[in-house]
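# A structural walkthrough
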Amino acid sequence: MFEGSHTGYHHLPGQITHRRRIVFARPDAWVIGDLVEGQGVHSVSVSFQFPPGRAAVEPGAGTVHLLCEGEPVVTVLPLRPADLVAELEEGWVSYQYGTKVPAPRLVFRVTARLPVHVLTVLAAPGPTPRELADRALAAWELAQARWPSAPSKTQ
């Protein structure tokens, strides 16, 4: 389990703090919790930069698969909040100074009153979204019980 936070958004109205917690859900998944704290209604986005290649969104489920030669190699499953909107955008990566290579970037967005808690799973392909969600949520809740977050200054 890892947890970190930063106050780089304190200059925005609402004294916004971003906290991220990452939990390993054995044997092949990572649960990423992004907590955005502060006051007011804000647009919150969580981005995942993929390497060059193809990414495909599974219709209806919001599940995103990174494809390599047509086969899924990574599954990204949004869990919370239910009204997250997933968009694939064109981003870029750089493997050496001065060069950029186009690469897909996945962005989950929601506009809501803070605090907002975004929960996402990155996993190897295989389990159904329901099986993956159940296992990920169980690992997340166990980690929350064992290692409660330190309260932030905005609470």
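Structure's up top.
The structure contained in this document is the topic of the report that follows. Residue numbering note: each chain is counted from 1, following its sequence as written. This being a predicted model, a pLDDT of at least 70 is required before a residue's local features are given, and a value of 80 or more before pairs of side-chain atoms are given or counted; all residues contribute to the totals for chains, interfaces and linings. Side-chain measures here rest on the full set of heavy atoms in the structure, leaving out hydrogens and waters.

### Some thoughts on the pattern of salt bridges
Here is the rule: In what follows, salt bridge is the name for a side-chain nitrogen of Lys or Arg lying within 4 Å of a carboxyl oxygen of Asp or Glu. Runs of E in the DSSP output that reach at least two residues are strands. Runs of H or I that reach at least four are helices, and both are numbered from the N terminus. We call a residue buried when its accessible area falls under 20% of the maximum for its residue type, exposed when it is over 50%, and partly exposed in between, using a 1.4 Å probe and counting protein chains only.
Considering all chains together, one arrives at 9 salt bridges under this definition. The salt bridge involving Arg-19 is made with Glu-3; its shortest N-O contact spans 3.1 Å. With Arg-19 in strand β2 (residues 16–25) and Glu-3 in strand β1 (residues 2–9), this residue pair connects regions lying 16 residues apart in the sequence. Two residues, Glu-89 and Arg-105, come together in a salt bridge whose shortest N-O distance is 3.1 Å. Separated by 16 residues along the polypeptide, Glu-89 in strand β8 (residues 85–93) and Arg-105 in strand β9 (residues 101–113) bring together distant segments of the chain. A residue is classified by how much of its surface remains accessible, and Glu-89, at 23% relative accessible area, is partly exposed.

### Some points on the packing of aromatic side chains
Inclusion rule: Two rings from Phe, Tyr or Trp (for Trp, the six-membered ring) form a pair when their centres are within 6.5 Å of each other. A pair whose planes differ by under 30 degrees is stacked, one over 60 is edge-to-face, and the rest are tilted.
All chains considered together, the criterion is met by 2 aromatic pairs. A centroid spacing of 4.6 Å and a plane angle of 45° characterise the contact between Phe-24 and Trp-30, whose relative ring orientation is tilted. Exposure remark for Phe-24: the relative accessible area of 31% places this residue in the partly exposed category. Relative to Phe-108, the ring of Phe-48 has its centre 6.3 Å away and its plane inclined at 80°; by these criteria the two rings are edge-to-face. Remark: Phe-108 occurs in strand β9 and Phe-48 occurs in strand β4 (residues 41–49); sequence separation between them is 60 residues. Taken as a pair, Phe-48 and Phe-108 share a single burial class, namely buried.

### Here's the deal with the sheet that holds β4
Note the following rule: When DSSP finds at least two bridges between two strands, those strands are taken to pair. For every element, the axis is a line fit to its C-alpha atoms; helices are fit only across the contacting stretch, and the angle between N-to-C directions ranges from 0 to 180 degrees.
Judged by pairing direction, the sheet is antiparallel, and its 3 strands sit side by side in the order β4-β9-β8 without closing on themselves. Each edge of the sheet is formed by a strand with only one pairing partner; in this case those strands are β4 and β8. The mean angle between the axes of side-by-side strands here comes to 30°, regardless of whether they run parallel or antiparallel. One ladder, built from 9 bridges, connects β4 with β9; its direction is antiparallel.

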